[in-house]
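Observations on chain architecture
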Amino acid sequence: MIGISDVITLLFGQKRDVGGVIPDVILSENHVDSVTITGHPVEYGAQISDHAFVNPAQLTMRMGWSPSSILLNSVLSGSIFKGLQTLDDVYQRLLDLQSLREPFDVLTRRRAYTNMMIQTLSVTTDADTENALVVEVNLVEVLRVRTVVIAGKAPL
């Protein structure tokens, strides 16, 4: 069944999602993908790829919410009858997401990330943002590997 959020996504484009928290506006996104290359000499003929490794992806987003959009989102989702969300509630949800220390998914305009965690969360309130919530969040990918134990004899 198609929900109202699916219709809004179809009408207005891809939504952004940070572990289930949907921002009203994205002010900026900074995607960083890097490779660490060893600094020691590599012998000619050696596999160069053995001397380099991919670092975890990093993502910095500046996101914003306004009180009027919180009301609109509450009406559209039907949560208005469960009590209105405030900007402080949104901020607390982000803090809770960070404190869980569990990887989650992030969807941006450029790509989808898995296994991301919030490294830093920053909110600055000034004259321009007094009645809004503007958050800068730095996310880092958690590199996961699967290990397998193989039964065998221990070396002598």
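Data block above holds the structure.
The structure presented is a predicted model; accordingly, all values stated were derived computationally and were not measured. (Residues numbered from 1 in each chain as written. Predicted model: local features only at pLDDT ≥ 70, side-chain atom pairs only at ≥ 80, totals over all residues. Heavy atoms only, no water.)

Counting residues in each nonpolar core, the largest one holds 22 residues, and the members touching the most others are Val-18, Met-61, Trp-65, Val-106 and Leu-139. Counting residues per element, the ones that place at least two in this core are strand S5 (58–65), helix H3 (87–100), strand S6 (104–107), strand S7 (112–123) and strand S8 (133–141). For Met-61, the contacting residues outside a window of four places in its chain are Arg-16, Val-18, Ile-26, Ser-28, Glu-29, Val-106, Thr-108, Val-135, Glu-136, Val-137 and Leu-139. (Core = buried A, V, L, I, M, F, W, Y, C linked by side-chain atoms within 4.5 Å. Buried < 20%, exposed > 50% of the residue type's maximum accessible area, 1.4 Å probe, protein only. Helix = DSSP H or I, 4+ residues; strand = E, 2+ residues; numbered from the N terminus. Contact = heavy atoms within 4.5 Å.)

What follows deals with a nonpolar patch on the surface. A grouping of Val-35, Ile-37 and Val-54 is seen on the molecular surface, where their side chains present a nonpolar patch of about 310 Å² in accessible area. Tracing the sequence through the fold places Ile-37 in strand S3 (residues 35–37). (Patch = residues over 30% accessible without salt bridge, like charges linked within 9 Å, V, L, I, M, F, W, Y side chains within 5 Å. Areas by Shrake-Rupley, 256 points an atom, 1.4 Å probe, with all protein chains shown as cover. Salt bridge = Lys/Arg side-chain N within 4 Å of Asp/Glu carboxyl O.)

The next point concerns the sheet that holds S7. Pairing is antiparallel in the open sheet, where 6 strands are placed in the order S1-S6-S7-S8-S5-S2. A strand with exactly one partner marks an edge of an open sheet, and here the two such strands are strand S1 (17–18) and strand S2 (25–32). In terms of strand pairing, S6 meets S7 through 3 bridges, oriented antiparallel. Residue pairing across strands places Leu-107 opposite Ala-112, the latter belonging to S7. Here H3 sits on the sheet in contact with S1, S5, S6, S7 and S8, set at roughly 120 degrees to S7. (Pairing = 2+ DSSP bridges. Axes fitted to C-alpha atoms, helices over the stretch in contact; angles between N-to-C directions.)

This brings us to the side chain of Asn-55. Tracing the chain through its elements places Asn-55 in the loop between strand S4 (52–54) and S5. Side-chain polar atoms of Asn-55 contact the side chain of Thr-36, separated by 2.8 Å. (Polar contact = N/O pair within 3.5 Å; in protein donor to acceptor, adjacent residues only side chain to side chain.)

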